[in-house]
Amino acid sequence: MKAQPIGGRLVSPVTLVLTVLILLAAFFGAQRFLFGFNSVANINDGFPWGIWIAWDVVIGTGLACGGFALALLVYIANQNQYHPLMRPALLASVFGYTLGGISVIFDLGRYWNFWHILFPTYQQYGSVMVEVALCVTAYIIVLWIEFSPVLAEKFGWPGVKKFTGKWMFLFIALGVLLPTMHQSSLGSLLIVYGQQIHPLWQTMLLPLLFLLSAVAMGYAVVVFEACVSTAGFKRKIDHELPLIASLSKIMAWLLVAFIVIRLGDIVARGAFAAMFTSGVKSFMFWVEMTLYALPVAMLLSPSVKRDAKIYFLAACSMLLAAVLYRIDAYLVGYETGPGWNYFPAVPEIMITIGIVAFEILGYIVFVRFFPVLPGHGPDKAH
Amino acid sequence: MFRDSIDALEAKLGLERRTFLKFCAAMAATMGLPKGAEAQIANAIATPAKRPSVIWLHFQECTGCTESLLRAEHPTLEKLILEIISLDYHESLFAAAGHQAEAARYAAMEANKGKYVLVVEGAIPVKDGGIYCKIGGKTALDILKECAADAAAIIAIGSCASWGGMPSTPPNPTGASPVNAIIKDKPVVTIPGCPPNPYNFLSTVVHYLTFGSLPKIDAEGRPLFAYSRLIHENCERRAHFDAGRFAMEFGDEGHRKGFCLYKLGCKGPETYANCPSILFGDVGSGSWPVGTGHPCFGCTEKGVGFYKPIHQLADVKNVVPPASYPRVVEEQGVGATLGSAALVAAVAGLAAGAGYKVAGNLGKDSSGPDKDSAE
């Protein structure tokens with residue numbers, strides 16, 4: 001199942017719509033950089049982090065954990081049968097992380113100083129933010145190196161191919177280490193907030209919970225992508241179905257662990273009552289927990305007949321759960337004092353939508369032109 | 001022996017020992033000298049090896065510097081000055097006049113060659129060969145050069161000698177120039193001010209007397225102990241500036257309440273001097289221009305005093321006021337609006353729809369192995 005470009009036309013209704021969304025985001029983005037936050041966003045002194053951080057960075061890099069999660073499986077657990085899924089997963093990771101990194105700049109008031117955090121003289125090594133920034137930056141570079149064989153195959157760069165062939169093990173090791181560090185630190189960022197995060201979400205176990213859910217998200221996103229690209233590019237899923245099935249199983253057990261730790265922690269911290277008495281927050285908590293529990297039921301219950309649809313829905317539910325978990329922890333569960341309020345403004349949302357659109361468009365362009373998806377079709381014999 | 005010499009001083013000046021030691025401590029504190037320096041100062045004054053000879057020149061000036069020195073309220077200040085130095089030439093204080101006075105200057109210069117302290121009061125006209133100020137048939141320019149040649153130290157007292165002062169106000173018809181524009185081969189300590197605070201001058205002299213060297217100076221030649229801080233920094237009205245409370249015109253409510261004079265043109269924010277710290281005339285708090293309700297006009301600062309109109313706003317040098325003050329009621333963010341909620345709902349709906357469609361197609365696909373899945 002050697003990877004190959006799937007070819008085909010670039011201009012389609014989908015890519016056109018994506019392009020329009022990207023242009024809209026570019027328009028609002030220009031407004032933001034020229035006239036400041038107030039012109040486009042609702043973030044304020046009480047809520048300095050809005051969806052540009054909660055979605056574009058925290059969720060965006062979480063959704064981009066496919067490469068990380070698969071690398072754990074393929075290279076660490078040595079389960080080589082998953083290798084065909086590696087390239088599409090890596091592609092999504094490359095885009096997710098690169099755009100996540102870039103979108104931080106939208107959220108920086110004095111964005112022209114963004115390079116300060118990468119410069120040793122400006123760094124403060126007690127800061128979680130520095131750790132996240134350096135780690136994410138390093139990982140973006142590592143991801144591009146990990147992905148470079150795809151480009152080398154397409155453009156025929158023998159030097160790159162030789163270098164990566166020889167040293168790839170090193171970058172793969174880094175590619176497993178770095179996300180472990182910063183995905184957990186995305187949780188540590190909230191620990192620093194202390195009392196300002198509602199007890200349903202504030203815990204010293206935040207790093208573990210964020211890491212667990214990031215890995216689970218990684219598997220879910222691989223399943224999700226496999227299904228969507230199968231449906232979208234009109235390919236058959238038969239070859240990937242066994243892989244999807246076993247990945248889903250791993251994900252389900254990770255979720256079991258997550259749910260046990262999450263609930264156990266809440267009870268142990270004495271926040272049990274908060275699950276029922278916190279109004280909207282309790283409601284959001286239960287929606288989140290339901291979305292976490294659903295895939296477990298779908299994937300582990302003996303009475304469910306599992307097919308591609310079930311795997312897809314389970315992955316969707318898992319992704320929604322993790323997305324909601326992050327939004328809840330960063331925005332819903334964040335209480336900075338009476339009177340403060342935040343809901344993203346329309347232009348603010350449009351920028352985020354544009355970034356997502358850019359990711360999807362990039363994915364489409366890449367799989368059409370580069371050897372990313374595992375090749376299969378009537379003309380190939382396996 | 002030290003005690004004896006102080007007792008002798010007490011008898012000679014009619015000055016109590018305690019008062020004298022307090023004065024020495026005040027001098028040391030004014031200059032920011034370390035502990036123990038007051039004893040060194042007391043020792044240097046009470047037991048002078050030889051009182052340093054001082055030649056005091058007057059050029060284009062009003063004698064205000066001398067006046068402020070002599071009329072200091074502190075009863076013994078002028079006595080002390082006259083005791084610790086040997087004032088060998090000073091036109092305002094001389095009993096002698098004419099050629100007799102000039103002869104005294106030459107005698108002092110000759111006797112203390114290379115050791116005397118030269119104090120210059122007033123600017124020096126340099127236009128047309130310096131003909132606009134002459135003493136005994138000699139131009140100020142020549143007299144200055146003559147006296148500076150063998151001086152051990154040169155002190156320019158007052159704004160005129162320090163940077164040109166009032167006589168140099170544009171169009172400066174006489175080409176009035178400061179001492180350090182003419183004497184380039186020797187360091188010139190400047191004590192600007194109109195008039196300068198007598199303590200700043202006295203401290204400089206005492207420093208020279210005690211340690212044999214002049215105090216540290218800034219780029220303009222001003223002793224750092226007196227001129228390293230903006231008036232604005234130590235001003236008693238500073239809190240009003242920071243809070244945005246200003247007198248808007250003389251005699252208005254803000255002025256009567258002692259608000260900040262910045263908007264009346266106070267040059268405190270761009271003028272370096274220690275006026276608010278050491279005040280004038282030894283009569284206690286408030287005894288300095290801003291304290292009495294008049295804006296500082298920047299007399300110690302070249303390009304400010306006698307140059308900028310009194311009512312012109314100062315350039316705030318080191319503490320720029322904030323562009324805006326915090327609002328009383330800070331905006332606390334906007335909740336969901338119809339548009340944003342609708343957009344989020346639309347995205348969620350679209351995602352759900354797309355998911356449903358993909359799921360449907362997948363179902364079809366896995367049942368029919370070779371059929372294309374999506375429409």
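Quick caveat: nothing in here was measured; it's all calculated off a predicted structure.

What counts, and where the lines are drawn
Residues numbered from 1 in each chain as written. Chains lettered and ligands numbered in written order. Predicted model: local features only at pLDDT ≥ 70, side-chain atom pairs only at ≥ 80, totals over all residues. Helix = DSSP H or I, 4+ residues; strand = E, 2+ residues; numbered from the N terminus. Buried ≥ 20, exposed ≤ 12 C-beta atoms within 10 Å, placed from the backbone. Contact = placed C-beta atoms within 7 Å. Core = buried A, V, L, I, M, F, W, Y, C linked by C-beta atoms within 7 Å. Nonpolar A, V, L, I, M, F, W, Y, C, P; charged D, E, K, R; others polar. Axes fitted to C-alpha atoms, helices over the stretch in contact; angles between N-to-C directions. Parallel < 35°, antiparallel > 145°, perpendicular 65-115°, else oblique. Left-handed = near helix turned anticlockwise from the far one by under 90°. Pairing = 2+ DSSP bridges. pLDDT = per-residue confidence, 0-100. Expected span 1.5 Å × (residues − 1).

Some remarks on the overall build of chain B
Stage number 1. Tallying secondary structure elements over chain B gives 15 helices and nine strands in all.
Stage number 2. Expressed as a percentage of the 375 residues in chain B, the buried residues total 41%.
Stage number 3. If you take every contact in chain B between residues at least 6 apart in sequence, the share linking residues at least 24 apart comes to 68%.

A few points about the nonpolar core
Stage number 1. Within the largest apolar cluster, 123 residues are counted, with the highest numbers of intra-cluster contacts made by Ala216(A), Ala220(A), Val223(A), Cys227(A) and Leu319(A).
Stage number 2. The leading source of residues in this core is helix α7 (residues 206–232) of chain A, at 18 residues.
Stage number 3. Contact partners of Val223(A), with chain neighbours within four places excluded, come to Ile244(A), Leu247(A), Ser248(A), Tyr311(A) and Ala315(A).
Stage number 4. Of all hydrophobic cores here, the second largest spans 85 residues; its members include Met27(B), Ile84(B), Val119(B) and Ala156(B).

Remarks on the interface of chain A and chain B
Stage number 1. Every contact between the two is made by 31 residues of chain A and, on the other side, 24 residues of chain B.
Stage number 2. When contributions to the side of chain A that touches chain B are tallied by element, the ones reaching two or more residues are α7, α11 (308–332) and α12 (346–369) of chain A.
Stage number 3. Residue classes in the side of chain A that touches chain B are distributed as 18 nonpolar, seven polar and six charged.

So, the packing of helix α2 (residues 51–63) of chain A against helix α4 (residues 86–107) of chain A
For any two helices packed against each other, one specifies the crossing angle of their axes together with the interaxial distance.
Residues and elements named next belong to chain A.
Stage number 1. Here α2 crosses α4 at 165 degrees, and the two axes come no closer than 8 Å. One element, α2, and the other, α4, form an angle in the roughly antiparallel class. Classified by chirality, the crossing of α4 by α2 is left-handed. Here Trp 52, Ile 53, Asp 56, Val 57, Gly 60, Thr 61 and Leu 63 of α2 lie close against α4, whose contacting residues are Gly 96, Tyr 97, Leu 99, Gly 100, Ser 103, Val 104, Phe 106 and Asp 107.
Stage number 2. A per-class count over the contact of α2 with α4 returns eight nonpolar, five polar and two charged.

Digging into the environment of Cys227(A)
Stage number 1. Looking at the element boundaries, Cys227(A) is found in helix α7.
Stage number 2. Looking at Cys227(A), the number of C-beta atoms within 10 Å reads 28, which means it is buried.
Stage number 3. For the pair formed by Cys227(A) and Ala308(A), sequence separation is 81 residues and the distance between their alpha carbons is 7.6 Å.
Stage number 4. Setting aside residues up to four positions removed in sequence, Cys227(A) forms contacts with Ile237(A), Ala308(A), Phe312(A), Val358(B) and Leu362(B).

Considering the sheet that holds strand β9 (residues 188–191) of chain B
Residue and element names in this part refer to chain B.
Stage number 1. Taken in spatial order, the five strands of this open sheet run β2-β1-β3-β7-β9, and their pairing is parallel. Every other strand in the sheet has two partners, leaving β2 (86–90) and β9 as the edge strands with one partner each. Strand-to-strand, the axes of this sheet are offset by a mean angle of 20 degrees, without reference to chain direction.
Stage number 2. Sheet topology places strand β1 (residues 53–58) next to β2; four bridges connect them, and they run parallel. The partner of Ser 53 across the bridge, within β2, is Ser 86.
Stage number 3. Lying on the sheet, helix α6 (residues 98–111) is in contact with β1 and β2; it crosses β2 at an angle near 140 degrees.

Description of the packing of helix α8 (residues 241–268) of chain A against α11(A)
All names here are of chain A.
Stage number 1. At their nearest, the axes of α8 and α11 sit 10 Å apart, and the two run at 35 degrees to each other. Relative to α11, α8 is oriented so that their crossing is left-handed. In contact with Leu 241, Ile 244, Ala 245, Ser 248, Met 251 and Leu 255 of α8, α11 contributes Ala 308, Tyr 311, Ala 314 and Met 318.
Stage number 2. Across the contact of α8 with α11, the residue classes tally to nine nonpolar, one polar and no charged.

Remarks on the pairing of β1(B)
All names here are of chain B.
Stage number 1. Across the six residues that make up β1, a large majority, six, are buried.
Stage number 2. Judged by which residues are buried, β1 turns out to be covered on both faces: Ser 53, Ile 55 and Leu 57 on one side and Val 54, Trp 56 and His 58 on the other are all buried.
Stage number 3. With five bridges connecting them, β1 and strand β3 (residues 117–121) associate as parallel partners. Its bridge partner being in β3, Val 54 is matched across the sheet by Val 117.

Quick notes on the confidence of the model for chain A
Stage number 1. Per-residue confidence for chain A averages 89 on the pLDDT scale, and 98% of its residues sit at or above 70.
Stage number 2. Within the model, the stretch residues 377–382 of chain A combines pLDDT values under 50 with three contacts to residues more than four positions away or in other chains.

A few points about helix α1 (residues 13–35) of chain A
Residue and element names in this part refer to chain A.
Stage number 1. In this model, α1 (23 residues) spans 33 Å end to end at C-alpha, consistent with the 33 Å of a helix rising 1.5 Å per residue.
Stage number 2. Those residues of α1 that sit buried are Leu 18, Ile 22, Ala 25, Phe 28, Gly 29 and Arg 32.
Stage number 3. On its buried face, α1 sits against α4 and α12.
Stage number 4. Just past α1, the residue Gly 36 takes up positive phi, approximately 90 degrees.

Overview of the environment of Gly244(B)
Stage number 1. Tracing the chain through its elements places Gly244(B) in the loop between α12 (238–243) and α13 (253–256).
Stage number 2. Distance from Gly244(B) to Phe259(B), taken between C-alpha atoms, is 9.1 Å for residues 15 residues apart in sequence.

Looking at unusual backbone geometry
Residue and element names in this part refer to chain B.
Stage number 1. A cis amide bond links Pro 170 to the next residue, Pro 171, at an omega of 10 degrees.
Stage number 2. Structurally, Pro 171 can be placed in the loop between α8 (158–163) and β8 (176–177).
Stage number 3. Put simply, Cys 194 and Pro 195 share a cis peptide bond, and its omega is -5 degrees.
Stage number 4. Structurally, Pro 195 can be placed in the loop between β9 and α9 (198–211).
Stage number 5. We note that Asp 128 has phi near 55 degrees; this positive angle belongs to a residue other than glycine.
Stage number 6. With respect to the secondary-structure elements, Asp 128 resides in the loop between β4 (124–125) and β5 (134–135).

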